[in-house]
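Residue strings, one per chain:
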Amino acid sequence: MKSALITGITGQDGAYLAKLLLDKGYKVYGLIARRATSTTWRLQFLGIENQVELVDGDLTDLSSIIRAINIAKPTEVYNLGAQSFVGTSWQQPALTAQSTGVGVLNVLEAIRLTNSSSKFYQASTSEMFGLIQEEMQSEKTPFYPRSPYGVAKLYGHWMTVNYRESFNMFACSGILFNHESPLRGIEFVTRKVTDAVARIKLGLQPKLSLGNIDAKRDWGFAGDYVEAMWLMLQQAQADDYVVATGRTTTVRDMCKIAFDYVGLNYEDYVVIDPKFYRPAEVEVLLGNPAKAKDKLGWEAKTSLDDLIKMMVDADLKRVKSEVVI
């Protein structure tokens, strides 16, 4: 039986990936940082909380990662853990550098030190492209990160390449463009919008405050994207891949889809608040997934319309369960 160790297993991608691997017959272990309150709600949402084995550890603590690898003896290691909210990275740049950047090095070094033959996946990000150097970003597009988060992710990305080339490790990076789901954190703009739409529709919230609604993003469904992660580690050779839909949409149009779905006009409810603008904005991201399609046979299956409607439905159900309507 194959086994996998997932850092960040309680996050959106970690939960969907854990379910995918369980469905494929893997024994799944998850590295989990101990917190005062439970963080396993996403695993509960997917009905798999009792099917994974959680191991205490932290990406900033090399010894705990080595211990987790010794326990799991993983065929595959997926590093999805990080401080992953771009906005927070300006307020907590040092923490972001340690968890999102140096944390990658710690996992790679733990694999090397345990003489493990584990295949390694690193969750890289389109935020590394930042101030885009090409209209459509591919694996060959130069990077220009515009946030402490993007810079930290770039460190982890190049460290993955370095360990692959220096120690002949099977180490891949998936350069994932924005991917969303009902399990997305409430701080991310898509989920902030769909949650607000549900609350406004139910008469529980008057307005939705946003920043730059003309920013463009390439949005896909996280449930599709974790399949690409798995496929990368099934190849004969390790490589890096852009994972994206190949389509870009403004935040404004994404809002329109969500509000239209419940019969409301977004212009009546969306308020622009300068406090939500970033110190250095990434205006456009548009991924070129041609290599993933050609080499992995992967392409995004879920349209943005279907994704946003799925998220609105889930938030309507959540909000209704919170209150008596």
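Just so we're clear, the structure is a prediction, and the values are computed from it rather than from any experiment.

Points about the overall build of the protein
Scanning the protein from terminus to terminus reveals 11 helices and 13 strands. A compact globule built from 325 residues should have a C-alpha radius of gyration of about 20 Å, and the protein, at 19 Å, falls within 12% of that. With respect to the principal axes defined by its C-alpha atoms, the protein has extents near 60 × 45 × 40 Å. Within the protein, the proportion of its 325 residues that are buried is 54%. Considering only residue pairs separated by 6 or more positions, the protein has 79% of its internal contacts joining residues 24 or more positions apart. Accessible area of the protein: about 14,100 Å², with a carbon and sulfur share of 50%. Here the protein contributes 36 positively and 37 negatively charged side chains, and the mean placements of these two sets differ by 3 Å.

Considerations on the nonpolar core
Ile6, Leu17, Leu21, Val28, Tyr78, Tyr121 and Phe259 are the most contacted members of the largest nonpolar core, which totals 67 residues. Per-element tally for this core: the top contributor is helix α8 (residues 222-232), with eight residues. Other than its neighbours up to four places away in sequence, Val28 contacts Ala4, Ile6, Ile9, Ala18, Leu21, Leu22, Val52 and Glu53. Counting residues in each nonpolar core, the second largest holds 20 residues, with Ala68, Leu108, Tyr163 and Met169 among its members.

Thoughts on the pairing of strand β6 (residues 171-176)
Most of β6 sits inside the fold, with six of its six residues counted as buried. Here β6 shows a buried face lined by Ala171, Ser173 and Ile175 and a second buried face lined by Cys172, Gly174 and Leu176. Strand direction decides the pairing type here: strand β5 (residues 119-125) and β6, joined by six bridges, are parallel. Looking at the pairing, Ser124 lines up with Ile175 of β6. Bridge count between β6 and strand β11 (residues 240-243): four bridges; the pairing is parallel. Bridge pairing links Gly174 to Tyr241 in β11.

Some thoughts on the sheet that holds strand β4 (residues 76-79)
If you walk across this open sheet you meet the seven strands as β3-β2-β1-β4-β5-β6-β11, and the pairing is parallel. Two strands in the sheet have a free side with no partner beyond their single neighbour: β3 (53-56) and β11. Averaged over all pairs of adjacent strands, the angle between their axes in this sheet comes to 20°, without regard to strand direction. Across the sheet, α8 touches β4, β5, β6 and β11, and the angle it forms with β6 is around 160°.

Observations concerning the packing of aromatic side chains
Considering all chains together, one arrives at eight aromatic pairs under this definition. Between Tyr225 and Trp298, the aromatic rings sit 5.3 Å apart at their centres with planes inclined by 85°, giving edge-to-face as the arrangement. Taken together, the positions of Tyr225 in helix α8 and Trp298 in the loop between α10 (290-296) and α11 (304-322) put the pair 73 residues apart, joining distant regions of the chain. Assigned by exposure class, Tyr225 and Trp298 land together as buried. Taken together, Phe129, Phe143, Trp158 and Phe177 form an aromatic cluster joined through their ring pairs. The residue whose ring lies beneath Lys24 is Trp230, and the NZ or CZ to ring-centre distance is 3.9 Å. Here Arg112 stacks its cationic end above the ring of Phe167, 4.8 Å away from the centre of that ring.

Digging into the environment of Gly8
Within the fold, Gly8 resides in the loop between β1 (3-7) and α1 (12-23). Given a relative accessible area of 23%, Gly8 falls into the partly exposed group. Look past the residues within four positions of Gly8 in its chain and what remains in contact with it is Gly14, Leu31, Leu80 and Gly81.

Concerning the packing of helix α9 (residues 251-261) against α11
Remark: α9 packs on α11, axes separated minimally by 9 Å, with the N-to-C direction vectors making an angle of 55°. Taken together, the axis directions place α9 and α11 in an arrangement best described as oblique. Here α9 and α11 pass one another in a crossing that is right-handed. Residues Met254, Ile257, Ala258 and Tyr261 of α9 form the contact with α11, whose own contacting residues are Leu304, Asp305, Ile308, Lys309, Val312 and Asp313.

Some points on the side chain of Thr249
With respect to the helices and strands, the residue Thr249 is situated in strand β12 (residues 249-250). The exposure class assigned to Thr249 is buried, which follows from its relative accessible area of 19%. Excluding residues that lie within four positions of it along the chain, Thr249 makes contacts with Ala215, Lys216, Arg217, Trp219, Met254 and Leu304.

Definitions and limits used
- Residues numbered from 1 in each chain as written.
- Predicted model: local features only at pLDDT ≥ 70, side-chain atom pairs only at ≥ 80, totals over all residues.
- Heavy atoms only, no water.
- Helix = DSSP H or I, 4+ residues; strand = E, 2+ residues; numbered from the N terminus.
- Rg over C-alpha atoms; globule rule 2.2 N^0.38 Å.
- Buried < 20%, exposed > 50% of the residue type's maximum accessible area, 1.4 Å probe, protein only.
- Contact = heavy atoms within 4.5 Å.
- Areas by Shrake-Rupley, 256 points an atom, 1.4 Å probe, with all protein chains shown as cover.
- Lys, Arg positive; Asp, Glu negative; His and termini not counted.
- Charge placed at Lys NZ, Arg CZ, Asp CG, Glu CD.
- Core = buried A, V, L, I, M, F, W, Y, C linked by side-chain atoms within 4.5 Å.
- Pairing = 2+ DSSP bridges.
- Axes fitted to C-alpha atoms, helices over the stretch in contact; angles between N-to-C directions.
- Phe/Tyr/Trp six-rings, centres within 6.5 Å; stacked < 30°, edge-to-face > 60°.
- Lys NZ or Arg CZ within 6 Å of the ring centre and 35° of its normal.
- Parallel < 35°, antiparallel > 145°, perpendicular 65-115°, else oblique.
- Left-handed = near helix turned anticlockwise from the far one by under 90°.

What is shown is where atoms sit, not what they do.
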